[in-house]
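Residue-level listing of the chains:
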Amino acid sequence: MQRIPSIKETHDAFLRSACESLGYDQQTYEVLLIAAREVRVELPLRRDDGSLVVYNGYRVQHHNARGPYKGGLRYHPDVNMTDVRGLACLMSLKTALVDIPLGGAKGGIDCDPGSLSERELETLTRKFVQRMHRLIGPNLDIPAPDVGTNAQVMAWIQDEYSKIYGYSPAVVTGKPVETGGSPGREEATGRDVSIVIKEYAHHCGEKLKGKTAAIQGFGNVGAHAAQFLFEMGMRVVAVNDVRGGIHDSEGLPIDKVLEHFKKAGTVAGFPGADSIDNGGLLALRCDYLVPAALGGVIHRRNAGHVQAKVVAEAADAPVTEPANQILCQRGVSVLPGILVGAGGVTVSYFEWVQNLQHFRWTLEEIEQRLHDKLVEACRAVFELAKDDKCSYRLSAYQIATRRLKESFFAAGI
Ligand code: GLU
C-alpha cells in the first residue's frame, strides 16, 4: 500500500507547479522553497509524577522580505522538522496571497497537549521561550496559535518574553483580549471559511441558502466554520471530531451541537443525529466538504469517494497532490488552504498593528477589514483562474508565488 505523502511533499508539489506555470527555473523554485533559518531545541520536562520526558521544539523561519516572520506554533505528537518546513513556506504564501506585510514561519513541539496538565504545558511553553527568545520578537518573528495551542499558550509566551524584554504584546498574536489580543481573532479562520464560500457562490451565481456542508474537525476552525455556515442558512449535514461524527441530512442545529460539545467535549452522541465515521463523512454527497483538521486527510485512495461538489480546505494541506489531481479530473472544485485558511493570520496582522500602535479597534472594524481583504483575494484568485482556465489552487499559488519571488529578489540576494 502506498504511503500518504507528507505535508511537505504536498506543499512542494503545489509550489513546483506554480513555479513551472510562471516560467521560473529550478534555482528560483529552490530559493523560494528553502527556509532562511531552521531551529530545533531540546525541551526536557519534569512531569507531575516525577518522571522526565524530553520533547523537541521547532521553529522554521521561511521568508521575511515582505515583513517579519509570522506563523503558528503547533503542539502535536507528529510535529517534525520536515512538515514544519512545508508549513512555514505555506505561511509565506498565505501572507502573500492576502497581501499583508508579513513573512512566513511555523513551529511547534512534538507533545500531546491533551495528555499534559496545565502546569506541565505552561512549563514546557515557557522553556520553549527561554530557548528561542533571541529569535522571536515584534519585528522579528511573531508566533500565533495553531493545532493544539490557544490563547492561553500565547499569553505564557508573551509573559515569558516580556520578563526579558519588557511589556511586548506584539511578540505573539492570538493572545487573550485581556493581555492585548484582538477581538475577532479566535473565530477568524472559521469566518474566513464562510466568507470564501459566500464569495465563491456569488462568483458562480448561486444562492447559499439550503446548500449542504460537511465539516471534518470540530476544533477552533471547524466549530466556528460550522457556526457561520449555519448562520448563513446553509444545512450543515455532518460534523465530526476525533471521538466520532454526527449526521443529519436535514441539517444539524449547530447552535445546539455547540452546546452539546461544550458539555461533552465531543460532537459524538448528539441526541437525534445518526453517527457517521470519518470515511463516511468525507464521502458524503453534499455541496461543500470542509476538511478543518489535519493535513493529508484526502489522499489518492479516498479522493475517488468524495462526492462533494466543492472542497474548501480550512486546514493546512488536507488534500495531497495526487488527490488534488483526482478531484480536478472528477470536476470537484478545490478552494485552496492558502485562501480558505488565511483569515487567522489576517486578523493576527490586525492584532499586531493594534499592539504596535497601542490602540484598539472595534470588532466591527476588524470584521469589515477581514472581509475586505478576503474578498479582494478571492476575486483575484477567481479571475485569474477564469482567464487562465486553471484551477483555483494554481491561480492562488501563482499570485502568492509571484509576490513572494518579487519581494525576495527586490530585497537582494
Ligand atoms: N496558525 C494559523 C495559520 O497557520 C495562524 C497563523 C498566524 O496567525 O500567524 O494560518
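Cut-offs used in this document
- Residues numbered from 1 in each chain as written.
- Predicted model: local features only at pLDDT ≥ 70, side-chain atom pairs only at ≥ 80, totals over all residues.
- Heavy atoms only, no water.
- Helix = DSSP H or I, 4+ residues; strand = E, 2+ residues; numbered from the N terminus.
- Expected span 1.5 Å × (residues − 1).
- Contact = heavy atoms within 4.5 Å.
- Near = heavy atom within 4 Å.
- Polar contact = N/O pair within 3.5 Å; in protein donor to acceptor, adjacent residues only side chain to side chain.
- Areas by Shrake-Rupley, 256 points an atom, 1.4 Å probe, with all protein chains shown as cover.
- Nonpolar A, V, L, I, M, F, W, Y, C, P; charged D, E, K, R; others polar.
- Axes fitted to C-alpha atoms, helices over the stretch in contact; angles between N-to-C directions.
- Parallel < 35°, antiparallel > 145°, perpendicular 65-115°, else oblique.
- Left-handed = near helix turned anticlockwise from the far one by under 90°.
- Buried < 20%, exposed > 50% of the residue type's maximum accessible area, 1.4 Å probe, protein only.
- Pairing = 2+ DSSP bridges.

Turning next to helix α1 (residues 7-22). Given a rise of 1.5 Å per residue, 16 residues ought to cover 22 Å, and the 23 Å separating the end C-alpha atoms of α1 matches this to within 8%. In this structure, the buried side of α1 is in contact with α2 (26-33), β3 (69-75), α3 (81-97), α10 (321-329) and α14 (392-411). In the stretch just after α1, Gly23 is the one whose phi turns positive, near 80 degrees.

The next subject is the site of the ligand. Every one of the 15 residues lining the ligand counts as a neighbour, but Lys70, Lys94, Lys106, Asp146 and Ser348 are closest to it. One of the side-chain N or O atoms of Lys106 is found 2.8 Å from an oxygen atom in the ligand. Against a free-state accessible area of 290 Å², the protein chains account for coverage of 95% of the ligand. Taken together, the elements giving at least two residues each to the shell around the ligand come down to β3, α3, β5 (141-145) and α12 (343-357). Of the residues assigned to the shell around the ligand, the class counts are 4 nonpolar, 5 polar and 6 charged.

Residues other than glycine seldom take positive phi values, yet Asp99 does so here, at roughly 55 degrees. Along the polypeptide, Asp99 turns up in the loop between α3 and β4 (104-109). Positive phi is not limited to glycine here, since Ala317 has a value of about 50 degrees. Structurally, Ala317 is set in the loop between β11 (310-312) and α10.

This paragraph deals with the packing of α1 against α2. Where α1 meets α2, the closest approach of the two axes is 10 Å, and the angle between their N-to-C directions is 140 degrees. Compared by their axis directions, α1 and α2 come out oblique. For the pair α1 and α2, the sense of crossing is right-handed. Listed contacts from α2 to Lys8, His11, Asp12, Leu15, Arg16 and Cys19 of α1 are Gln26, Tyr29, Leu32 and Leu33. Class assignment of the residues belonging to the contact of α1 with α2 gives a composition of 5 nonpolar, 2 polar and 3 charged.

Right, let's talk about the pairing of β4 for a bit. Taken across its 6 residues, β4 has 6 buried, putting it largely inside the fold. Of the two faces of β4, the one holding Gly104, Lys106 and Gly108 and the one holding Ala105, Gly107 and Ile109 are both buried throughout. Relative to β4, strand β2 (residues 52-63) runs antiparallel, the two being bridged by 6 bridges. Residue pairing across strands places Arg59 opposite Gly107, the latter belonging to β4. Note that β3 and β4 share 3 bridges and pair parallel. Within the sheet, the bridge partner assigned to Tyr75 lies in β4 and is Ile109.

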